[in-house]
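Secondary and tertiary structure notes
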Amino acid sequence: MSSKVSMSFLKTSLENPLQAEPHNLVLANGTNLDFIDTGILRVKSAQPAEHRIVISCGIHGNETAPIEMVEQLFSEIRSGELSVRNELLLIIGNPPAANKASRFIEENLNRLFSGKHKESSTQEAKRAALIETYVEAFFSEGDEARLHYDLHTAIRGSELEKFAVYPFLHERSWSKSQLGFLEHCGLDAVLLSNKPAGTFSYFTSHHYGADSFTVELGKVRKFGDNDMTKFEAATQALRELIEAKQSFDCGPSKIQIFEVVEEVIKLSDDFKLHIAEDAKNFTAFPKGSVLASDRDYQYITKQEGERFVFPIANVPIGQRAMLVVAPTAL
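Let us look at the structure shown here. (Residues numbered from 1 in each chain as written. Predicted model: local features only at pLDDT ≥ 70, side-chain atom pairs only at ≥ 80, totals over all residues. Heavy atoms only, no water.)

**Examining the environment of Gly318**
The topology assignment puts Gly318 in the loop between β15 (306-309) and β16 (320-327). Note: C-alpha distance between Gly318 and Arg52 (266 residues apart in sequence) is 35 Å. Among all residues touching Gly318, those that are not within four sequence positions of it are Ile265 and Lys266. (Helix = DSSP H or I, 4+ residues; strand = E, 2+ residues; numbered from the N terminus. Contact = heavy atoms within 4.5 Å.)

**Notes on the layout of surface pockets**
One number sums up the size of the largest pocket: a volume of about 960 Å³. Looking at the largest pocket, it is lined by 45 residues, and the ones nearest its centre are Arg103, Asn108, Arg111, Phe310 and Arg320. In terms of residue class, the lining of the largest pocket is made up of 19 nonpolar, 14 polar and 12 charged. There is about 210 Å³ of room inside the second largest pocket. Lining the second largest pocket are Arg103, Phe104, Glu106, Glu107, Asn108, Arg111, Ile155, Ile312, Asn314, Val315, Pro316 and Gln319. Looking at the lining of the second largest pocket, its residues break down into 5 nonpolar, 3 polar and 4 charged. (1 Å grid on protein atoms, 1.4 Å probe; cavity = no way out; pocket = protein on both sides within 12 Å on 5 of 7 lines; lining within 4 Å. Points joined across faces, edges and corners; volume = space filled by probe spheres on them. Nonpolar A, V, L, I, M, F, W, Y, C, P; charged D, E, K, R; others polar.)

**Comments concerning unusual backbone geometry**
Despite not being glycine, Phe282 has its phi angle at roughly 75°, a positive value. Mapped onto the fold, Phe282 is located in the loop between β11 (272-273) and β12 (284-285). If you check the backbone angles, Arg295 has positive phi at about 50° while not being a glycine. With respect to the element layout, Arg295 can be found in the loop between β13 (290-294) and β14 (297-300).

**Observations regarding the pattern of salt bridges**
Taken as a whole, this structure holds 13 salt bridges when the rule is applied. Residue Lys11 is joined to Glu15 by a salt bridge in which the shortest nitrogen-to-oxygen separation is 2.8 Å. Separated by 4 residues within a single helix, Lys11 and Glu15 lie in helix α1 (residues 9-15), roughly one turn from each other. We classify Lys11 as partly exposed; its relative accessible area is 47%. Its salt-bridge partner being Glu144, residue Arg52 comes within 2.9 Å of it at the nearest N-O pair. With Arg52 in strand β4 (residues 51-57) and Glu144 in the loop between α4 (123-139) and β6 (145-154), the pair connects residues that are 92 residues apart, well separated along the chain. Both residues of the pair, Arg52 and Glu144, belong to the buried class. Several salt bridges converge on common partners, so that one network encompasses Arg42, Arg52, Glu87, Glu141 and Glu144. (Salt bridge = Lys/Arg side-chain N within 4 Å of Asp/Glu carboxyl O. Buried < 20%, exposed > 50% of the residue type's maximum accessible area, 1.4 Å probe, protein only.)

**Let's talk about the packing of aromatic side chains**
Summed over the entire model, instances satisfying the criterion amount to 17 aromatic pairs. Relative to Phe213, the ring of Tyr149 has its centre 6.1 Å away and its plane inclined at 10°; by these criteria the two rings are stacked. Within this pair, whereas Tyr149 is found in strand β6, its partner Phe213 is found in strand β9 (residues 211-219), the two being separated by 64 residues in sequence. Aromatic pair Phe163 and Phe310: ring centres 5.7 Å apart, planes at 40°, arrangement tilted. (Phe/Tyr/Trp six-rings, centres within 6.5 Å; stacked < 30°, edge-to-face > 60°.)

**Here's the deal with the environment of Ser289**
With respect to the secondary-structure elements, Ser289 resides in the loop between β12 and β13. With 103 residues separating them along the chain, Ser289 and Gly186 place their C-alpha atoms 31 Å apart. Non-local contacts of Ser289, meaning those with residues more than four positions away in its chain, are made with Tyr299, Ile300 and Thr301.

**Some words on the nonpolar core**
Across soluble globular proteins, you tend to see nonpolar side chains buried next to one another. In terms of nonpolar packing, the biggest core is built from 50 residues, with Leu33, Ile55, Tyr149, Leu151, Leu182, Val190 and Leu238 touching the most fellow members. Counting residues per element, this core draws most heavily on helix α2 (residues 64-79), which supplies 7 residues. What Val190 contacts, discounting residues up to four positions off in sequence, is Ala164, Tyr166, Leu179, Leu182, Ile255, Gln256, Ile257 and Phe258. Counting residues in each nonpolar core, the second largest holds 19 residues, with Val54, Ile91, Phe200 and Phe203 among its members. (Core = buried A, V, L, I, M, F, W, Y, C linked by side-chain atoms within 4.5 Å.)

**Quick notes on the side chain of Asn86**
Relative to the assigned elements, Asn86 resides in the loop between α2 and β5 (87-92). Under the relative-accessibility criterion, Asn86 is labelled buried at 2%. Within the structure, the side chain of Asn86 is placed 3.1 Å from the backbone nitrogen of Glu50, a separation counted as a polar contact. When residues no more than four places from it in sequence are discounted, the contact partners of Asn86 are Val43, Ser45, Ala49, Glu50, His51, Ile53, Leu241, Ile242 and Ala244. (Polar contact = N/O pair within 3.5 Å; in protein donor to acceptor, adjacent residues only side chain to side chain.)

Fair warning: the whole summary comes from geometry, so function is off the table for now.
Have a look at this one:
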């Protein structure tokens, strides 16, 4: 594959959505660009590194702003404008879905990590297995501190526009320096998860001890319809991280912290959300409000100010249809 094609990580990935020929470029500054496969780019620093960083996007193909952010970072690396001083793996998760402007082709890719892909034969299951293999190889190359930021946008708008989901940590402790970095990225809130999940960020957190986050940066829009100025704080923070200019020496000062109080699972085809179609994520409800029902089940808010996040009624039976969260403190 020619270096001309490699001028665009996104274009190369979308034109070769299922598989791309591996190729390599070494820039004038010594940075090594290793195109491993479609949507998988290994960036090797010519300098000693402190961090080994995964920046992923496009796990859901219709979430285009993060894909455009990653393409912008790649373009700046490719031109030499952005100096890479940490080890880096860039991932566009689901190029076929991005080509179709759809969330997925057959199955939600962000439910298939930590080996859950073994229970399925879909296109997304194969992709999850492949991504896991590449991440394992990347993290095994060195013992630098591991970081993973999985960039998304949400189907609904949000009262708190930008927020992150912090995967369940088991015996590990929440990182206040990472919460400070998320605040520096322009995020308004963080959700503290309370159980294992099939998400990409839980996979890297649990299996490799990475500081990992699912980062929600706004609302789903088509390619070309994103106001990229709204993502500049996060893009700039990632630039600083890539250039090793981020010291993680500041904790959070104003970011809001929430905990998950209920994971609402769809149990049957009778499942219903009692939430307006245009209601935004993080809308608060008074105690005693019915948010969901399903045969003999109802979710009724237990305390003032409970809020919903990620409500989707048409998920498969047995999958999460909504999170209910409430404010908390570390």
